Amino acid sequence: MTAAMRRGMFVFGLLVLCAAWALLVVENAASFSVHMITHMAVVAGAAPLLALSLSGTRYDRVSTSRLLTPITASLIELVVVWGWHLPALRALSESLPLVRMLEQASFLTAGLILWLSCFGGSGEARDERRLGGTLGLLFTTMHMTLLGALLALSPRPLYGDGLVTCFGTTLSAGEDQQVGGVVMLMVGAAVYLAGGVALLARTLNAPQTTGIKEG
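Let me sum up the structure you'll find in this document. The shown structure was predicted, so the numbers you read here are calculated from the model rather than taken from an experiment.

Time to look at the pairing of strand 1 (residues 163–166). Burial of strand 1 is one-sided: the residues Val164 and Cys166 facing one way are buried, the residues Leu163 and Thr165 facing the other way are not. Examined bridge by bridge, strand 1 and strand 2 (residues 169–172) share four bridges and lie antiparallel to one another. Looking at strand 2, one finds that Thr165 is bridged to Thr170. Once strand 1 ends, the chain turns through two residues before running back antiparallel as strand 2, passing Phe167 with a positive phi of about 55 degrees.

Mapping Ser93 onto the fold places it in helix 4 (residues 87–95). Discounting residues that sit within four places of it in the chain, Ser93 has contacts with Val99, Arg100 and Glu103.

Turning to the packing of helix 2 (residues 32–54) against helix 8 (residues 173–205), a few remarks are in order. Following both chains from N to C, one finds helix 2 and helix 8 inclined at 10 degrees, their axes separated by 8 Å at the closest point. It follows from the interaxial angle that helix 2 and helix 8 lie roughly parallel. On helix 8, the residues that touch Phe32, Ser33, Met36, Ile37, His39, Met40, Val43 and Ala44 of helix 2 are Asp176, Gln177, Val179, Gly180, Gly181, Val183, Met184, Val187, Gly188, Val191 and Tyr192. Across the contact of helix 2 with helix 8, the residue classes tally to 12 nonpolar, six polar and one charged.

Conventions used here
Residues numbered from 1 in each chain as written. Predicted model: local features only at pLDDT ≥ 70, side-chain atom pairs only at ≥ 80, totals over all residues. Heavy atoms only, no water. Buried < 20%, exposed > 50% of the residue type's maximum accessible area, 1.4 Å probe, protein only. Helix = DSSP H or I, 4+ residues; strand = E, 2+ residues; numbered from the N terminus. Pairing = 2+ DSSP bridges. Contact = heavy atoms within 4.5 Å. Axes fitted to C-alpha atoms, helices over the stretch in contact; angles between N-to-C directions. Parallel < 35°, antiparallel > 145°, perpendicular 65-115°, else oblique. Nonpolar A, V, L, I, M, F, W, Y, C, P; charged D, E, K, R; others polar.

Any functional reading would require information beyond the geometric quantities listed.
Below is the structure:
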C-alpha cells in the first residue's frame, strides 16, 4: 500500500468518524436507531479504514502484541458492545454526555484493536495472522448477528417505552429498537463477514511452501 493510499484511508476514516459523532449532536441521541447508525459507522466504517492506514507502521502496536490476538480482540469487542447495550448503561449513555463520550471512545478503541489484530502487521507477520484474523472476524460476525437479532426480534422494548424521533420520523420505543437491530444485522454483521471472507481468500490463495529443499 502506497503512502498516498494510507493518507487517503486515514483522512476518509477520520471523516467517517466525525460524521458519525456529529450525528449524535444534530439528531436525537435518545433514539436507539441513531445510536446504532453511529455505532456501526464507528466500528465497521471508521475503525477498519483507520486500522488499514496504520497497519504495518510505527503506530501499529496491536499486531506485535502476543496478548492482543484476533480471538482475544474479538472477545474484547464482544464485552464492549454487549456491555454498552445493557439497558442500565444504555440509559446512562442517553442521559449523560460524559458517559456517551466514554461509550464512543470504547467503541472506537475496541474496533481499532480488532481490525489491527486481524489486518495489522507487515510481511510474514501479517501472513501468519491471516487464519486467526479470519476466525476473529467470523466470531465477531456471529455475536453481532446474535445481538442484532435479539434486539430486532425482542417482544418488548428494552430501552424506554415512549415515543422517539428519528430523522424526523416518530417511532415507538419498540419500532426504534427494531430498526436499530436491523441496522446492526445489515451493516455490522455484513462488514465483519466480508472482512473474514477476504482474509480467508488470501489464506487459500497464498503460495504454499513444501519444506523440501533442492539439493
